[in-house]
Amino acid sequence: MTEALRDDRIELRLAVEEFLYHEAALLDEWRLDDWLELFTPDARYVVPSTDVPDGDGSQTLVLIQDDFQRIGGRVARLKSRRAHREFPSSRTRRMISNIRVLRCVGDEVEVTANFVVYRIRRGVNEYIGRYLYTLVRTDDGFRIRSRRAELDLEALDPHGTVSIIL
Amino acid sequence: MTARSNEAASDGGSRYIDDDRERGVFRVDRATMTSPEVFELEQRQIFDECWLYFGHDSEIAKPGDYVRRIVVGRPLFLVRGSDGSVRCFYNTCPHRGAEVCREERGNAKRFTCFYHAWTFDTSGSLLTMPDEEGYGEGFKETCSLTTVPKLDSYRGFWFISFNHRAEPLHDYLDGAKEYLDLVVDQAEEGMRILPGTNEYAVKANWKLMVENSLDGYHGLPLHQTYFAYVKSLGGGISGTNLVGEGGRELGHGHVVLEGEAPYGRPIARWDHLFGEDSQDEIAAIRARLVDAYGEDRASRMADNFRNLIIFPNLMINDITAITVRYVEPLAANLMRVRAWALAPREETGQRLQRRIDSYLTFIGPGGFASPDDVEALESCQVGFRAHPNVQWSDISRGMTRMPTVIDEVQVRAYWRAWAARMDGRPIPPPVEWPETPIPAHR
C-alpha cells in the first residue's frame, strides 16, 4: 500500500493515464496518422480470439496480429474510403479505466487497463475487455512497443467484425 | 421452360426460382432471404434432412475429449469415449433437461448433471444417481443420454444428421470428397484445427454467406484494400487462367469454385508477403508435393484456390490459408458463423506463423477482407426490405458462355439444389455448359 502512494509512482500512473486517454482521443477522432506515430518500429498490436484470450498469434489463431508495417497497412486501409465496413466511419467512444502500472523494466513500462469501446453505426456495439501495453519512455514521451486488447466477449455477436482499432 | 412448369408435387423452393435457360436468365426471389415461412420450411426440408458439420477429429483427439456446440438450435456435445469411440449426444439430462456438458471444451471421464447429480459415462450410460432406491429395477438402463440419429466422419471431418434415414455420409459427400482430399492431402501428418475460433454474428440470411463464399466476382472490387496492402509489401500474383476453370457441381448440392490463386499460399505458392527468406522452404514444400502426387495434382493443390460448399451450410475455403466455416441459421435475417483455421500437424515455428498471418490478414473478422464481406451481406439484407417492390436477385452471370472464375454457375447450382430440397424432389443432374448456348434475348 505504501508503495503505491509514493509520489513518483503516482506521477508515473498519471502520466500513463494521460497517454492512454490521449491515444483514445486520437482514435475516437479518427486521427489515425497521429495515432500511428505513437508506435515504435518494432511494435506489435494483438487482439486474441474470443475463446482463447491468452492466445499468442504464433501457435493460436488470433483476430489481429500486426507488426508495425501491418498497423500502417491497417491505417491506410481505414483512410482509403474503400474499407467498406468503416465507410462512412463509425462513431466510437472509448472508455478506459482501472489503469495500473504493473512493472517497470529499464525504459519499459507495463500497463494494464479495462476498456469498453462503443462502436456506433446502425446500432451500438460494445467491445469489452482489458488492455496490456508495453510502453517505452522516450524524450518525446511514451511510445507503444506492444498493445494487446483481450476481449471478454464470448463471440463477436452482434458485432460481426473487429473493423475499428480496438 | 421455367421451373414453374415442373411436375413437382410441391413447389416450396422452385416457386422462388426463375430458371430460364432459353433466355439466359436466372433470378431468385428475395423472399428466400426474408420470409419466416421459407426459414421454417428450410428447417424441415434441409436442416432436418442433410448431413451437418459438427467438428474435427483433432478437436477430440484423446479419450475423454469433448466439444459442446449448438447445431441448428439443438444443444449437442461430441465426445471421444474411454473406448476411443466418438459419440454425439443431445446435451440434455434425461431427468429434467439441464445441460450435462457445461463447458465448451475439455476432457472428462464422467458427466454429472449439476441439477440432481445424475452421472453419465462417456458412452452415455447413467452410472449413478442419488438415492437409487427411489426408482424401480432396471430404471437406470432406460436413462442413457440420447445420441443424435447419425454420426460419421470423412478424412477427420465429423458430420451429424437429425435424419434417421439419411444415406451414408460417404454417399452424401459425393464429388465433394475429391476436394476434401485435395485439402487434407496437403499435409504430411494429417490436419488439425488450430486453437482460436472466429465466432461472429452477421445480420443477414445464412445463404448470403454461402453465396459470398462461392463468389469470385466480388474479389477485386470489394477486397481492393487487401490487394493494395499486399502490393504495398511488394507482393501480388495475378491470376491468368480464367477460361475452363471456375464453378463445378459435385452432386447432392455440393459445389466448388476453383481457380489459379492471385495470392501466395502457405502450401505452396510463394509471394513477397511471405518474405524473401521463405522462398526456399516453400519451394521444398512444393517439391515434396510433386514427389508425392505428380506435377499436375501438386500444381492443383499448390497453385489453386478452392472454395468448397458442402450442402447446405459448410464452407471449406482453401485460399490464402484454409478455413472451415460453418453457418448457423438463427432467423431469416440473422446468422452466426463459426470458423476455424485448418493446418498440417507438421507445421510449427515460422511455417505455422506464416499460415496464421496469411489467414488473419484476409480471412477472419479482424482482417482486411472479411469485414467488408460482412458489411456487404448486412447491406444486402437491408436492401431486401424493398421486397416485393424489388423482388429478384440476379444470378445470370455466365449462362451464355463457358464459365470463368468470375461467373455464377456454382451459385446457380447451389440454388437449384436448394429448390429441389425445398420441393422434396431429387437434386437435378449437373447442367451442360454453356447453359444458354443461343445468344440471349432479354
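All values reported here derive from a predicted model rather than from experimental measurement. (Residues numbered from 1 in each chain as written. Chains lettered and ligands numbered in written order. Predicted model: local features only at pLDDT ≥ 70, side-chain atom pairs only at ≥ 80, totals over all residues.)

## Side note on the overall build of chain B
To be explicit about the condition: Per the convention used, a helix needs a DSSP run of H or I reaching at least four residues, while a strand needs a run of E reaching at least two, with both numbered from the N terminus. With the radius of gyration taken over C-alpha atoms, the globule rule is written as 2.2 Å times the number of residues to the power 0.38. Any two residues are considered in contact once their C-beta atoms, placed from the backbone, lie within 7 Å.
Across its full length, chain B holds 11 helices and 21 strands. In terms of overall size, chain B behaves like a compact globule, its C-alpha atoms giving a radius of gyration of 23 Å where 442 residues would be expected to give roughly 22 Å. When the backbone C-alpha atoms are referred to their principal axes, chain B occupies close to 80 × 60 × 35 Å. Contacts spanning at least 24 positions in sequence make up 63% of the contacts within chain B whose residues lie at least 6 apart.

## Structural notes on unusual backbone geometry
Residues and elements named next belong to chain A. Short version of the rule: With C-beta atoms placed from the backbone, a residue is labelled by how many other C-beta atoms lie within 10 Å of its own: buried for 20 or more, exposed for 12 or fewer, partly exposed between the two.
That bond from Phe 87 to Pro 88 is cis: its omega, -5°, falls within 30 degrees of zero. Tracing the backbone through its elements, the reader meets Pro 88 in the loop between α4 (68-79) and β3 (91-105). Positive phi is not limited to glycine here, since Arg 81 has a value of about 70°. Mapped onto the elements of the fold, Arg 81 is located in the loop between α4 and β3. For Arg 81, a count of 12 C-beta atoms within 10 Å translates into the label exposed.

## Observations regarding the domain arrangement of chain B
It is common to give the size of an interface as the accessible area lost on bringing the parts into contact. Residue and element names in this part refer to chain B. We count it as follows: Either an automatic procedure or a domain database provided the assignment from which the domain bounds are taken. In this classification, Asp, Glu, Lys and Arg are treated as charged, Ala, Val, Leu, Ile, Met, Phe, Trp, Tyr, Cys and Pro as nonpolar, and every other residue, Gly included, as polar.
By domain assignment, chain B separates into domain 1 (52-153) and domain 2 (175-423). Put simply, the middle of domain 1 and the middle of domain 2, counted by C-alpha atoms, are 34 Å apart. At the junction of the two partners, domain 1 supplies six residues and domain 2 supplies six residues. For the side of domain 1 that touches domain 2, the per-class residue count stands at three nonpolar, two polar and one charged.

## Comments concerning the sheet that holds strand β5 (residues 74-80) of chain B
Residue and element names in this part refer to chain B. In plain terms, the rule: A pair of strands counts as paired when DSSP detects no fewer than two bridges linking them. In this analysis an axis means a line fitted to C-alpha atoms, helices contributing only their contacting stretch, and an angle means the value between N-to-C directions, from 0 to 180 degrees.
The strand order across the open sheet formed by four strands is β6-β5-β4-β7, and the pairing between neighbours is antiparallel. Strand pairing shows two members of the sheet lacking a second neighbour, β6 (86-90) and β7 (105-107), which therefore form its edges. Within the sheet, the average angular offset between the axes of one strand and its neighbour, ignoring direction, is 25°. Examined bridge by bridge, strand β4 (residues 65-71) and β7 share three bridges and lie antiparallel to one another. The partner of Val 67 across the bridge, within β7, is Arg 105.

## Points about the pairing of strand β17 (residues 304-310) of chain B
All names here are of chain B. Of all the seven residues making up β17, seven are buried; the element is thus mostly covered by neighbouring parts of the structure. Here β17 shows two buried faces, one formed by Asn 304, Arg 306, Leu 308 and Ile 310 and the other by Phe 305, Asn 307 and Ile 309. Pairing analysis gives six bridges linking strand β16 (residues 255-260) to β17, with the strands arranged antiparallel. Pairing of Val 256 across the sheet is with Leu 308, part of β17. Across five bridges, β17 lies against strand β18 (residues 314-318) in antiparallel orientation. When the bridges of β18 are listed, Ile 310 appears paired with Leu 314. Where β17 folds back on β18, the antiparallel hairpin that results is connected by three residues.

## Let's talk about the nonpolar core
Burial of nonpolar side chains together is a common tendency in soluble globular proteins. Residue and element names in this part refer to chain B. Here is the rule: For the purposes of this analysis, a nonpolar core is taken to be any set of buried Ala, Val, Leu, Ile, Met, Phe, Trp, Tyr and Cys residues that are connected through C-beta atoms within 7 Å.
Ranked by internal contacts, the top residues of the largest apolar core, which has 142 residues, are Leu 78, Met 209, Ile 309, Ala 341 and Tyr 414. Summarising the domain contributions, this core has at least three residues from each of domain 1 (52-153) and domain 2 (175-423). The contacts of Met 209, once residues within four sequence positions are left out, are Val 202, Val 327, Met 335, Val 337 and Leu 377.

## Quick notes on the pairing of strand β3 (residues 51-56) of chain B
All names here are of chain B. Among the six residues in β3, six count as buried, and that is most of the element. Where β3 lies against strand β12 (residues 157-161), five bridges are found, and the strand directions are antiparallel. Across the sheet, Trp 51 pairs through a bridge with Ser 161, a residue of β12.

## Quick look at the interface of chain B and chain A
Each partner contributes to the interface: chain B provides 33 residues, whereas chain A provides 31 residues. If you list the elements that add at least two residues to the side of chain B that touches chain A, you get β14 (198-202), α7 (224-232), β20 (334-344), α9 (349-362) and α10 (370-383) of chain B. Here the residues of the side of chain B that touches chain A sort into 17 nonpolar, nine polar and seven charged.

## Some points on the environment of Gly 84 of chain B
Following the sequence through the fold, Gly 84 of chain B ends up in the loop between β5 and β6. Along the chain, Gly 84 of chain B and Thr 119 of chain B lie 35 residues apart, while their C-alpha atoms are 20 Å from each other.

## Let's talk about the sheet that holds strand β10 (residues 126-128) of chain B
Backbone hydrogen bonds hold the strands of a sheet together, and the pairing may be parallel or antiparallel. Residue and element names in this part refer to chain B. Taken in spatial order, the three strands make up an open sheet running β8-β9-β10, and their pairing is antiparallel. Here the strands that pair on one side only, and so sit at the sheet edges, are β8 (110-112) and β10. Averaged over all pairs of adjacent strands, the angle between their axes in this sheet comes to 35°, without regard to strand direction. Direction of pairing for strand β9 (residues 119-121) relative to β10: antiparallel, over a ladder of two bridges. Looking across to β10, one finds that Thr 119 is bridged to Thr 128.

## Describing the packing of helix α5 (residues 206-213) of chain B against α10 of chain B
Residues and elements named next belong to chain B. Definition in use: Any angle that is under 35 degrees is reported as roughly parallel, and any over 145 degrees as roughly antiparallel; angles of 65 to 115 degrees are reported as roughly perpendicular and all others as oblique. Take the far helix as the reference: if the near one is turned anticlockwise from it by less than a right angle, the crossing is left-handed, and if turned clockwise, right-handed.
Packing of α5 against α10 leaves a shortest axis separation of 10 Å and a crossing angle of 135°. On the basis of their axis angle, the class for α5 and α10 is oblique. In this structure, α5 meets α10 at a crossing whose hand is right-handed. Facing α5, whose interface residues are Leu 208, Met 209 and Asn 212, α10 presents Asp 373, Leu 377, Cys 380 and Gln 381. Classifying every residue of the contact of α5 with α10 gives four nonpolar, two polar and one charged.

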